[in-house]
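# Coordinate inspection notes
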Amino acid sequence: MQQGIRCEIVSWGQVHRLARNLALRILEDGFAPDILVAIGRGGWIPGRLLSDYLGNLNLTEFKIEHYTGPFQEKQAARVRYPLSADISGQRVLVVDDVTDTGNSFEVAISHIRSIGEPRELRTVVLDHKVVSPFVPDYFARKVIKWRWIIYPWAVVEDLTGLIGMMPDRTAEPELVSEHLRRTHGLRIPLATIRDVLALMDRG
């Protein structure tokens with residue numbers, strides 16, 4: 001395989017299993033959040049799944065801008081759309097998909113505490129990369145060997161970034177598929193690649 005950004009694509013089934021395992025860990029730990037706060041956009045779906053598994057309908061969110069694709073990082077993580085819920089005095093569980101640089105959680109916790117002081121605040125992700133200086137309270141997987149993780153809700157966005165890095169962006173879908181396999185270790189259905197290429201042409 002040619003050297004490139006190491007990638008892993010996660011299926012919906014895997015996401016479901018990771019969320020279930022997380023919920024069981026939280027329940028076994030005896031932590032009962034009053035409210036779940038998802039960090040958008042990555043934490044939206046994990047937050048909804050945990051809300052379901054924990055039987056907690058109090059789910060809210062706010063959005064942080066950070067990554068826009070593989071290695072396309074903004075200058076600094078920042079809150080784009082702030083939290084509107086009152087979390088003062090509550091047990092808060094902050095949800096995201098992955099820890100990488102840890103910046104999102106640092107900004108998130110600071111933002112939450114600027115709005116009100118929780119009774120208790122804990123953090124949770126599907127995947128924790130050990131390179132992250134921030135270690136969440138709960139995680140389903142520990143990622144020791146760094147790789148870019150492509151979740152099913154970000155397939156088009158991430159593939160657009162990877163294909164955009166190719167020397168020949170006008171390559172046929174079959175050549176794109178081979179490039180993604182050789183360079184990034186990804187096996188992507190041709191139908192998905194065609195969808196991504198069509199969207200890129202429109203842009």
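Residues numbered from 1 in each chain as written. Predicted model: local features only at pLDDT ≥ 70, side-chain atom pairs only at ≥ 80, totals over all residues. Heavy atoms only, no water.

The complete set of buried residues in helix α2 (residues 44-54) reads Pro46, Gly47, Leu50, Ser51 and Leu54. Taken down its axis, α2 places every buried residue within 140° of arc, on the same side. Where α2 terminates, the next one or two residues include Gly55, which has phi positive at roughly 65°. (Buried < 20%, exposed > 50% of the residue type's maximum accessible area, 1.4 Å probe, protein only. Helix = DSSP H or I, 4+ residues; strand = E, 2+ residues; numbered from the N terminus. Arc of directions from axis to C-beta.)

So, on to the packing of aromatic side chains. The full count for this structure, using the stated rule, is 3 aromatic pairs. Their ring planes at 55° and their centres at 6.0 Å tell us that Trp12 and Trp153 sit as a pair that is tilted. One end of the pair, Trp12, is in helix α1 (residues 12-29); the other, Trp153, is in the loop between β8 (148-150) and α4 (155-164), with 141 residues separating them in the sequence. You can call Trp153 partly exposed: its relative accessible area is 24%. A centroid spacing of 4.9 Å and a plane angle of 15° characterise the contact between Phe105 and Phe134, whose relative ring orientation is stacked. Here Phe134 lies in the loop between β6 (120-129) and β7 (138-143) and Phe105 lies in helix α3 (residues 103-115), a separation of 29 residues in the sequence. Taken individually, Phe105 and Phe134 each receive the classification buried, so the pair is uniform in this respect. By the ring-pair criterion, three or more aromatic residues cluster together here, those being Trp12, Tyr151 and Trp153. (Phe/Tyr/Trp six-rings, centres within 6.5 Å; stacked < 30°, edge-to-face > 60°.)

Further remarks concern unusual backbone geometry. Here Gly40 and Arg41 are connected by a cis peptide whose omega angle stands at 10°. Turning to its location among the elements, Arg41 is positioned in the loop between β2 (35-40) and α2.

Moving on, we come to the pattern of salt bridges. Scanning the model with the defined rule gives 15 salt bridges in all. A salt bridge links Glu117 to Arg113; the nearest nitrogen and oxygen atoms lie 3.3 Å apart. On the basis of relative accessibility, which here comes to 47%, the residue Glu117 falls in the partly exposed class. A relative accessible area of 43% places Arg113 in the partly exposed class. (Salt bridge = Lys/Arg side-chain N within 4 Å of Asp/Glu carboxyl O.)

This brings us to the packing of helix α5 (residues 173-184) against helix α6 (residues 190-202). The geometry of α5 relative to α6 is characterised by a closest axis approach of 9 Å and an angle of 110° between their N-to-C directions. Accordingly, the angle class assigned to the pair α5 and α6 is roughly perpendicular. Facing α5, whose interface residues are Pro173, Glu174, Val176, Ser177 and Leu180, α6 presents Leu190, Ile193, Arg194 and Leu197. Residues belonging to the contact of α5 with α6 are distributed by class as follows: 6 nonpolar, 1 polar and 2 charged. (Axes fitted to C-alpha atoms, helices over the stretch in contact; angles between N-to-C directions. Parallel < 35°, antiparallel > 145°, perpendicular 65-115°, else oblique. Contact = heavy atoms within 4.5 Å. Nonpolar A, V, L, I, M, F, W, Y, C, P; charged D, E, K, R; others polar.)

This part is about the nonpolar core. Core analysis: the biggest nonpolar cluster contains 20 residues, and Leu50, Leu93 and Val124 have the highest contact counts within it. At the level of elements, α1, α2, β5 (91-99), β6 and β7 are the ones that each hand at least two residues to this core. Ranked by the residues each element gives to this core, the list is headed by α1, at 5 residues. One finds Ala77, Leu83, Ala85 and Val94 within the second-largest nonpolar core, a separate group that totals 19 residues. (Core = buried A, V, L, I, M, F, W, Y, C linked by side-chain atoms within 4.5 Å.)

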